Amino acid sequence: LPPSRALAVDLGVSRGVVTDVYAQLAAEGYLKTRRGSGTKVSQLAMPRQTPSPASDAGSGSIDFDLRPGQPDFDAFPRKRWQAEVARALRVIPSRALTYPDPLGIGELRTAVSDYVTRVRGVDARADSVIIGPSTTYGISTIWRALRELGARRVGIENPGWRWQSRTVQQAGLQAVPIAVDEAGLMVDELDAAKVDAICLTPAHQYPTGVVMTSDRRSAVVGWARRRGALIVEDDYDAEFRYERTAVAALQGLAPDLIAFCGTLSKTLVPALRLAWMVVPRRIHAAVSKQYADTWPGPSVIDQLAAASFIERGELDRHIRTSRRRYRLRRDALVSTLSSRAPELRIGGVAAGLHVIAWLNRPVDDVAIASSARDLGLAVHSLHHHCFATDAVGPALVLGYASLSEPQLRRGAAMLANLVRAAQ
Ligand SMILES: Cc1ncc(COP(=O)(O)O)c(C=O)c1O
């Protein structure tokens, strides 16, 4: 273990705290301390290593975490959030500590409707916004509501985000994979798929990173209008846009057909469990009923804190500074991969927190991800995100937001060596 003085500096606590903790862990047998040789973890306290079944995820420690979907946890604005929570506790009247509106408190629904209108071009009013713990939860309620309204089949992107299909199936509906190409979802496939709704990530497709073209955007809206189907737009990481001005949300094109989902899981951190949806009038009552039946939160104190955080422009500020840092991180990853493994074709760089590295030969991306994991480098294979057997790829999906530039360069150099060895 590090010397107590160094750990105290790292953690920003007093040295006494660290020495007390070391002493307590030593008293319980977890640590061994010997004068002059520092503090070590006791062998007796180490769990016995049991061999785990072969898996994509691997089991060793992770030194370079390039898995997609993770923001920079170290950058969470703790002080500002703490100030908002303290303020919320000061101003909230006692009568507001009762069971809240299951659709979210008025202050946050208003702040969100202003925010998504301004930043994403969404057509929203406070009473069309529903606050919940996550997009995952929100889309689950949409599927359950659609089932009650008679829907049977929902299109999901292939490759796509696993929770699209999981939540559809959990709601008792059939998930129908629809292919994605370099222009976005292949809208031509929708008629034959006979689906009642489609779940999409048009601003930065997950995981390929494709930005849906304007032709496809109009085509999917045209399809939904002809068929009377619902589009669910998962706008999970669109605030992070690097090269061009932001592409507005699809929802603005047809607010009567599209449910828009946004989350703080990427712009801040998933631990907050704060997200929102703007739902069209025709499913509003059915979705609201799902919320009223399950009352999922989040806490009123956190909702009040979030409302003020958004209204005071803190979320915009945080996104602006994060965007600058993420752009540098993305560049460190992409430039190292491009120079060390030029045979990789890197895509999806325009937005979000991950890129995709296409391998130019039919090699096994799962095997590369698993060898990387053995070296302490966690990445996703594209295969991991495919639903049909005629999987696309091979490719690797690489998140860059939670590592520093030097770490990304080292991780990317290791990955490049593995790729070169496999090609
Ligand atoms: C495409 C996509 N949508 C949504 C989410 C998660 O949102 P939430 O935490 O609000 O469920 C993720 C998380 O990785 C994601 O990849």
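To be clear, the structure that these remarks concern was listed above.
Cut-offs applied
Residues numbered from 1 in each chain as written. Predicted model: local features only at pLDDT ≥ 70, side-chain atom pairs only at ≥ 80, totals over all residues. Heavy atoms only, no water. Helix = DSSP H or I, 4+ residues; strand = E, 2+ residues; numbered from the N terminus. Buried < 20%, exposed > 50% of the residue type's maximum accessible area, 1.4 Å probe, protein only. Pairing = 2+ DSSP bridges. Expected span 1.5 Å × (residues − 1). Arc of directions from axis to C-beta. Contact = heavy atoms within 4.5 Å. Phe/Tyr/Trp six-rings, centres within 6.5 Å; stacked < 30°, edge-to-face > 60°. Near = heavy atom within 4 Å. Polar contact = N/O pair within 3.5 Å; in protein donor to acceptor, adjacent residues only side chain to side chain. Areas by Shrake-Rupley, 256 points an atom, 1.4 Å probe, with all protein chains shown as cover. Nonpolar A, V, L, I, M, F, W, Y, C, P; charged D, E, K, R; others polar. Axes fitted to C-alpha atoms, helices over the stretch in contact; angles between N-to-C directions. Salt bridge = Lys/Arg side-chain N within 4 Å of Asp/Glu carboxyl O. Lys, Arg positive; Asp, Glu negative; His and termini not counted.

Moving on: unusual backbone geometry. In this chain, asparagine 158 is followed by proline 159 through a cis amide linkage whose omega measures 0°. Within the element layout of this structure, proline 159 appears in the loop between β5 (153-158) and α6 (162-170). Between glycine 297 and the following residue, proline 298, the backbone shows a cis peptide bond with an omega angle of 0°. For lysine 194, which is not glycine, the phi dihedral falls at a positive 50°. You can call lysine 194 exposed: its relative accessible area is 51%.

This part is about the pairing of strand β4 (residues 129-132). In summary, the side chains of a regular strand alternate between the two faces of the sheet. Burial of β4 is two-sided: the residues Val129 and Ile131 facing one way and the residues Ile130 and Gly132 facing the other way are all buried. Here β4 pairs with strand β11 (residues 275-278) via four bridges, running antiparallel. Directly across from isoleucine 130, in β11, lies its bridge partner methionine 277.

In a regular helix each residue adds 1.5 Å, so 14 residues correspond to 20 Å; helix α3 (residues 78-91) covers 20 Å between its end C-alpha atoms and thus fits that length. Along α3, the positions that sit buried rather than exposed are Trp81, Glu84 and Ala88. With its buried residues spanning 60° around the axis, α3 presents them on a single face. Residues of α3 that are exposed and angled more than 90 degrees away from the buried face: Arg78, Lys79, Gln82, Leu89 and Arg90. Tucked inside the fold, the buried residues of α3 contact α11 (300-311) and α12 (314-340).

All told, the structure shown has eight aromatic pairs when counted by the stated rule. Aromatic side chains phenylalanine 76 and tryptophan 81 sit 6.2 Å apart centroid to centroid with 50° between the ring planes, which places their arrangement in the tilted category. Per residue, the accessibility class of phenylalanine 76 equals that of tryptophan 81, and both read buried. Where phenylalanine 240 meets tyrosine 326, the ring centres are 5.1 Å apart and the plane angle is 75°; that geometry is what we call edge-to-face.

Let us look at the environment of tyrosine 115. By secondary structure assignment, the location of tyrosine 115 is in helix α4 (residues 106-120). Put simply, tyrosine 115 and glycine 313 are 198 residues apart on the chain and 9.5 Å apart in space, counted from C-alpha to C-alpha.

Moving on, we come to the site of the ligand. For the ligand, the full set of nearby residues is Ser134, Thr135, Thr136, Trp161, Tyr206, Asp234, Tyr236, Thr263, Ser265, Lys266 and Arg273. Contacts to the ligand include threonine 135, whose backbone N or O atom sits 2.8 Å from an oxygen atom. For the ligand, an oxygen atom lies 2.6 Å from a polar atom in the side chain of threonine 136. Contact with the protein chains hides 90% of the accessible area of the ligand, taken as 390 Å² for the molecule alone. Elements supplying a minimum of two residues to the shell around the ligand: α5 (135-148) and α9 (264-267). Per-class residue counts for the shell around the ligand are three nonpolar, five polar and three charged.

Spatially, eight strands are ordered β4-β11-β10-β9-β8-β5-β6-β7 in an open sheet, and the strand pairing comes out mixed. Of all the strands in the sheet, just β4 and β7 (184-185) have a single pairing partner and so form its edges. As judged from the two bridges shared by β5 and strand β8 (residues 197-200), these two strands associate in the parallel manner. Of the residues in β8, the one forming a bridge with glycine 155 is isoleucine 198. Set on the sheet, α6 makes contact with β5, β6 (174-181) and β8; between it and β5 the angle comes to about 165°.

Direction of pairing for β5 relative to β6: parallel, over a ladder of six bridges. Residue arginine 153 lies in a different strand from β6, and its bridge partner there is glutamine 174. Strand direction decides the pairing type here: β6 and β7, joined by two bridges, are antiparallel. In the sheet register, valine 180 faces β7, and the bridge partner there is leucine 185.

What follows concerns the pattern of salt bridges. Tallied over the entire structure, the rule returns 18 salt bridges. For the salt bridge of aspartate 72 with arginine 325, the shortest nitrogen-to-oxygen distance reads 3.2 Å. With aspartate 72 in the loop between β3 (64-65) and α3 and arginine 325 in helix α12, this pair connects stretches of sequence that are 253 residues apart. Arginine 325 sits in the partly exposed class, given a relative accessible area of 24%.

Spatially, β12-β13-β16-β15 is the arrangement adopted by the four strands of the open sheet, whose pairing is antiparallel. What marks the edges here is a single partner per strand, and that holds for β12 (345-347) and β15 (380-381). Bridge count for strand β13 (residues 354-358) against strand β16 (residues 395-399) is five bridges, and the pairing is antiparallel. Bridge pairing links isoleucine 356 to valine 397 in β16.

Turning our eyes to something else, we now look at the side chain of arginine 217. The topology assignment puts arginine 217 in helix α8 (residues 214-227). Buried charged residue arginine 217 carries no salt bridge. Nearest counter-charge: glutamate 233, at 5.4 Å. Apart from the residues lying within four places of it in its own chain, the contact partners of arginine 217 are Met212, Val247, Ala248, Ala249, Leu250 and Leu253.

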